[in-house]
Number of protein chains: 2
Amino acid sequence: MTEPLRLGIAGLGTVGVGVVRIIRKQAALLARRTGREIVISAVSARDAGKDRGINLAPFVWEQDAVALASRDDIDIFVELMGGSEGAAKDATEAAIAAGKHVVTANKALLAIHGQALAEAAEAKGLMIRFEAAVAGGIPVVKALSEGLAGNEITRVMGVMNGTCNYILTRMESEGAGYDTLFEEAGKLGYLEADPNLDVGGIDAGHKLAILSAIAFGTRVNFAGVELEGIQRIELEDIRQAADMGYRIKLLGLAQRSARGLEQRMQPCLVPTGSPLGQLTGGTNMVVIEGDAVEQIVLRGPGAGEGPTASAVVGDICDLARGLRMPVFGQPAAGLSQAPAARSGLPAPYYLRMALVDKPGALARIAAALGESGISIDRMRQYGHCEPTAPVLIVTHKTTREALDLALEAMAGTGVLASTPVALRIENL
Amino acid sequence: MTEPLRLGIAGLGTVGVGVVRIIRKQAALLARRTGREIVISAVSARDAGKDRGINLAPFVWEQDAVALASRDDIDIFVELMGGSEGAAKDATEAAIAAGKHVVTANKALLAIHGQALAEAAEAKGLMIRFEAAVAGGIPVVKALSEGLAGNEITRVMGVMNGTCNYILTRMESEGAGYDTLFEEAGKLGYLEADPNLDVGGIDAGHKLAILSAIAFGTRVNFAGVELEGIQRIELEDIRQAADMGYRIKLLGLAQRSARGLEQRMQPCLVPTGSPLGQLTGGTNMVVIEGDAVEQIVLRGPGAGEGPTASAVVGDICDLARGLRMPVFGQPAAGLSQAPAARSGLPAPYYLRMALVDKPGALARIAAALGESGISIDRMRQYGHCEPTAPVLIVTHKTTREALDLALEAMAGTGVLASTPVALRIENL
């Protein structure tokens, strides 16, 4: 048995409390599994007085996360504060400067500053581990960067935001509108402080950008993620999709081609019976495709105290066992900068729009599509809500570029009463 | 860049050839990912003259795997011969004696000799890695022993033999009988040299025993696996199950309770719409439940050149990166010996039998069940095939112990024309 491994934990919200609970409850098991005693030396959080339901008395309390990160009596800085800037960033940088390994659940921090942090850590022979930052309890970072290290990864896909999936699932099961369920999710504490992080697809986009870097050996490029939230999805879309045998999911996809790195996180129609289509509630799913392994699917809870803390403790165990590898699976300094590419692969699209209710309106829309080379699979006006007429169109396969041209042309017809909702149909 | 990592590969069947191909094709990628050049020094196989479609000329050829395992110019012995005894065992022991790490895809070897091999390796600070031994390309050993190391594992389940799942899937889709499809699987090369390893559930049982050891910190106990193959499943069972909304799968389950370690690998009825029920063809699925992570599901190809080689190369990369941990996730010498326990959890059972076609036969069977405290949910005679009458019974929840008593009592009635097929119904 070597020296104990000493943790400094910054952030005692749901996840932080979960980590303290596991380290305490499973002390003997963790020691058997890692060959080291794992102890918490010091903790830090915004509010020292708050009752968190756990005894923090044995730990040194640091009010300042930066001070915690630099303490001599910690080996690993566990960053569970969140946020890409401010204390989380400062403390992580301080930890690296002080020669500490970092374990974090912070996807925003890594999606924005991952490259710089990884270079700084690697220059000092330190690790940053972040299993909990992507897909909660699912060990997807480990599967991708270690288990599948023999593969050239060809594609990564997944549903990685439990809150969006919860809202979309409930819209279908309850027949309730987006606004109602958004409010409900807020009351249940499912939304981030800035709810746009969830429903705007940003949180899921951060996760996708991180997985892309590992998968393709490219620098994390969150700015290159084609991002679209679920705010414009209406109950009508859920129903129309269901009629056609589809469900709407906030789907992430990343793949590398000659054109560059394609990353998108946007609501799509997926077949109801497919594994992704069957994913309900807060569950996450990640699909990884590689040249040797073909396809691996990982499913599990995307959030919550236990699952997220499980991922954090898994990382701590790796460090306790002495694992050393580059942050993103290859040395950060050598990661390439792939240009962002829009999808070149054609797909059918679902379009919903309201037209001004006058003769010839539908014909103009059809013409705009035709002129962009897009064939219509089906098209129907499904009721009148004067003074506008709702219209649903399903196209044959087309590229996003062609569709964007068509949407521009449609906007120029003067018959659109609202911006169309355009959703890619992924027959996965 | 440190010294190259040198491999000696014994066994050049499908998987061995796949490993050579990946090491060669991805040389640059693997070097970036592991920080070391990975090279093949020497190979060994039964037939030196066979054309395997790859150039073996750059490698030293050793006719004898034991000699290969002890060569001075290898760091890792890659054992892809298979079989629990003979050359595979001798060479693995020789490798450990010579101070080499071992990477193997050999589930039989580990299920039978895992404890002794692990103790020998750990005594010398060596690793035995075996991701490819369980569920092909799915990184399940890694997920369980590393990613979920913070969890007390409560249950492991899964479908882990592609051949059985292929046969059962085709029985349903083709309406063909077991014998026909068994023959077809043989012609397609899907069956092990001893087909009983597949259809008898032994291969899947080996895998379950290995996962149990990691999950529960117990010594590998293959002898303790309650084992039942799929040989007695008839088309009629597939149809009756389908009518009831179920599919038959060769399902493994391991859990630890106060009674001991329960491990079973047997055909069960699972709901058609469940993730396990939807698993068709050669795909494998493993479900892991832990106190913190709740439930993780992993799905992927359970066999084949690419997926299995992917798992082998993943292990090699771990060693190249310097990973060191106990073979089964905790020091082998400290693994406990849990007594084998039969399932205490009651479940409904599906029973199919042929009765001698005489008055009162059914009543006697019903009485035998009743006397063992088993209630009948439904019971029907579904056609006459004189001189016997086929009967289907679905019980209410009962324990396996009670069912075994009832089966004994039924045998004593003298009205059974065949031994009943009894399948547990798992409403997972």
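About the cut-offs
Residues numbered from 1 in each chain as written. Chains lettered and ligands numbered in written order. Predicted model: local features only at pLDDT ≥ 70, side-chain atom pairs only at ≥ 80, totals over all residues. Helix = DSSP H or I, 4+ residues; strand = E, 2+ residues; numbered from the N terminus. Rg over C-alpha atoms; globule rule 2.2 N^0.38 Å. Buried ≥ 20, exposed ≤ 12 C-beta atoms within 10 Å, placed from the backbone. Contact = placed C-beta atoms within 7 Å. Pairing = 2+ DSSP bridges. Axes fitted to C-alpha atoms, helices over the stretch in contact; angles between N-to-C directions. Nonpolar A, V, L, I, M, F, W, Y, C, P; charged D, E, K, R; others polar. Least-squares fit on C-alpha atoms with pLDDT ≥ 70 in both. Domains from an automatic or database assignment. Expected span 1.5 Å × (residues − 1). Core = buried A, V, L, I, M, F, W, Y, C linked by C-beta atoms within 7 Å. Parallel < 35°, antiparallel > 145°, perpendicular 65-115°, else oblique. Left-handed = near helix turned anticlockwise from the far one by under 90°. pLDDT = per-residue confidence, 0-100.

Digging into the overall build of chain A
Looking only at helices and strands, chain A features 14 helices and 16 strands. Computed over its C-alpha atoms, the radius of gyration of chain A comes to 24 Å, within 12% of the 22 Å expected for a compact globule of 428 residues. When its C-alpha atoms are laid out on the principal axes, chain A stretches across 80 × 45 × 35 Å. Counting the 428 residues in chain A, one finds 55% classified as buried. For chain A, long-range pairs separated by at least 24 residues make up 75% of all intrachain contacts whose partners lie at least 6 apart in sequence.

Re the sheet that holds strand E4 (residues 76-79) of chain A
All names here are of chain A. Here we have six strands laid out as an open sheet, ordered E3-E2-E1-E4-E5-E6, and parallel in their pairing. Here the strands that pair on one side only, and so sit at the sheet edges, are strand E3 (60-61) and strand E6 (128-129). As paired elements, strand E1 (residues 5-10) and E4 share four bridges and run parallel to each other. What sits directly across from leucine 7, in E4, is isoleucine 76. Sitting on the sheet, helix H4 (residues 87-97) touches E1, E4 and strand E5 (101-104), and the angle it makes with E4 is about 170°.

Here's the deal with the interface of chain B and chain A
Contacts between the two partners involve 47 residues from chain B and, on the opposite side, 46 residues from chain A. When contributions to the side of chain B that touches chain A are tallied by element, the ones reaching two or more residues are helix H2 (27-34), helix H6 (140-147), strand E12 (294-301) and helix H12 (305-320) of chain B. Residues belonging to the side of chain B that touches chain A are distributed by class as follows: 20 nonpolar, 16 polar and eleven charged.

A short note on the relation of the copies chain B and chain A
Between chain B and chain A, which share one sequence, the superposing operator has a rotation angle of 180° and an axial displacement of 0.0 Å; the RMSD is 0.0 Å. What the superposition gives is, in effect, a two-fold axis relating one chain to the other. Looking at the interface residues of chain B, 98% of them are also at the interface in chain A, so both copies use one shared face.

Points about the environment of Arg21(B)
Residues and elements named next belong to chain B. Mapping arginine 21 onto the fold places it in helix H1 (residues 14-25). Note on arginine 21: 17 C-beta atoms within 10 Å, which makes it partly exposed. The spacing of arginine 21 and methionine 379 is 358 residues in sequence and 56 Å in space, taken between C-alpha atoms.

Some details on the sheet that holds strand E4 (residues 76-79) of chain B
Residues and elements named next belong to chain B. What the six strands build is an open sheet, ordered E3-E2-E1-E4-E5-E6; its pairing is parallel. Either end of the sheet is taken by a strand with one partner, and the two such strands are strand E3 (60-61) and strand E6 (128-129). Relative to E3, strand E2 (residues 38-44) runs parallel, the two sharing two bridges. Counted as the bridge partner of alanine 42 is valine 60 from E3.

Looking at the pairing of E1(A)
Residues and elements named next belong to chain A. In terms of burial, E1 is largely enclosed, as five of its six residues are buried. In this sheet, strand E2 (residues 38-44) lies alongside E1 in parallel orientation, the contact comprising six bridges. Opposite isoleucine 9, over in E2, you have valine 43 as the bridge partner.

What to know about the domain arrangement of chain A
All names here are of chain A. In terms of domain boundaries, chain A breaks down into domain 1 (5-133), domain 2 (147-302) and domain 3 (349-425). Look at where the C-alpha atoms of domain 2 and domain 3 centre, and you get two points 25 Å apart. Going through the elements one at a time, helix H11 (235-243), strand E9 (246-257) and strand E10 (260-271) are the ones with two or more residues in the side of domain 2 that touches domain 3. Class assignment for the residues of the side of domain 2 that touches domain 3 results in six nonpolar, two polar and three charged.

Focus: helix H1 (residues 14-25) of chain A
All names here are of chain A. Spanning twelve residues, H1 covers 16 Å between terminal C-alpha atoms, matching the ideal 16 Å at 1.5 Å per step. Within the sequence span of H1, burial applies to Val15, Gly16, Val17, Gly18, Val19, Val20, Ile22 and Ile23. Taken together, the buried residues of H1 touch E1, helix H2 (27-34), E2, E4 and helix H12 (305-320).

Things to note about the nonpolar core
Judged by nonpolar contacts, the single largest core of 285 residues is most densely connected at Val19(A), Val312(A), Val19(B) and Val312(B). Here Val312(B) is in contact with Val15(B), Val19(B), Val78(B), Val103(B), Ala105(B) and Ala132(B), once residues within four sequence places are set aside.

Notes on helix H7 (residues 162-174) of chain B
Residues and elements named next belong to chain B. Over its 13 residues, H7 runs 17 Å from end to end, which matches the ideal 18 Å to within 8%, given 1.5 Å per residue. Within H7, the full set of buried residues consists of Gly162, Thr163, Cys164, Asn165, Tyr166, Ile167, Leu168, Thr169 and Met171. Positive backbone phi, approximately 65°, marks glycine 175, located one or two places after H7.

What about the packing of H7(B) against helix H8 (residues 178-187) of chain B?
Residue and element names in this part refer to chain B. Look at H7 against H8: their axes get within 10 Å of each other, and the N-to-C directions meet at 135°. Considering their axes alone, H7 and H8 lie oblique with respect to each other. The two elements H7 and H8 cross, and the hand of that crossing is right-handed. Facing Thr163, Tyr166, Ile167, Arg170 and Met171 of H7, the residues of H8 in contact are Tyr178, Leu181, Phe182 and Ala185. Here the residues of the contact of H7 with H8 are counted per class, giving seven nonpolar, one polar and one charged.

With respect to the environment of Asp64(B)
One can find Asp64(B) in the loop between E3 and helix H3 (65-69). Residues Asp64(B) and Val43(B) lie 21 residues apart in sequence; the distance between their C-alpha atoms is 9.5 Å.

Focus on the pairing of E9(A)
All names here are of chain A. Here E9 lies mainly inside the structure; eleven of its twelve residues are buried. The pairing of strand E7 (residues 153-159) with E9 spans four bridges and is antiparallel. Bridged to glycine 158 within E9 is glycine 252. Sheet analysis places E9 next to E10, joined by twelve bridges and oriented antiparallel. Directly across from glutamine 255, in E10, lies its bridge partner glutamate 262. Linking E9 to E10, which pair antiparallel, is a turn of two residues.

Focus on the packing of helix H6 (residues 140-147) of chain A against helix H10 (residues 202-216) of chain A
Axis angle and axis distance: for two packed helices, these are the angle between their axes and the distance between the axes, and together they describe the pair. Residues and elements named next belong to chain A. It is the contact of H6 with H10, at a shortest axis distance of 9 Å, that shows an interaxial angle of 15°. Relative to H10, the element H6 is oriented roughly parallel. Pair H6 / H10 crosses with left-handed handedness. On H10, the residues touching Val141, Leu144 and Ser145 of H6 are Leu211, Ile214 and Ala215. Per-class residue counts for the contact of H6 with H10 are five nonpolar, one polar and no charged.

Concerning unusual backbone geometry
The backbone of Glu294(A) sits at a positive phi, close to 70°, despite the residue not being glycine. Looking at the element boundaries, Glu294(A) is found in strand E12 (residues 294-301).

Thoughts on the confidence of the model for chain A
Across chain A, the average pLDDT comes to 95, with 99% of residues at or above 70. Across the interfaces of the predicted complex, the ipTM metric reaches 0.95, alongside a pTM of 0.96.

Quick word on the environment of Ile288(A)
Residues and elements named next belong to chain A. Positionally, isoleucine 288 belongs in strand E11 (residues 283-290). Residue classification places isoleucine 288 among the buried positions, given that 26 C-beta atoms sit within 10 Å. Spatially, the C-alpha atoms of isoleucine 288 and isoleucine 153 are 7.4 Å apart, while their sequence positions differ by 135 residues. Apart from residues no more than four positions distant in its own chain, isoleucine 288 is found in contact with Ala143, Leu144, Leu148, Ile153, Val156 and Ile296.

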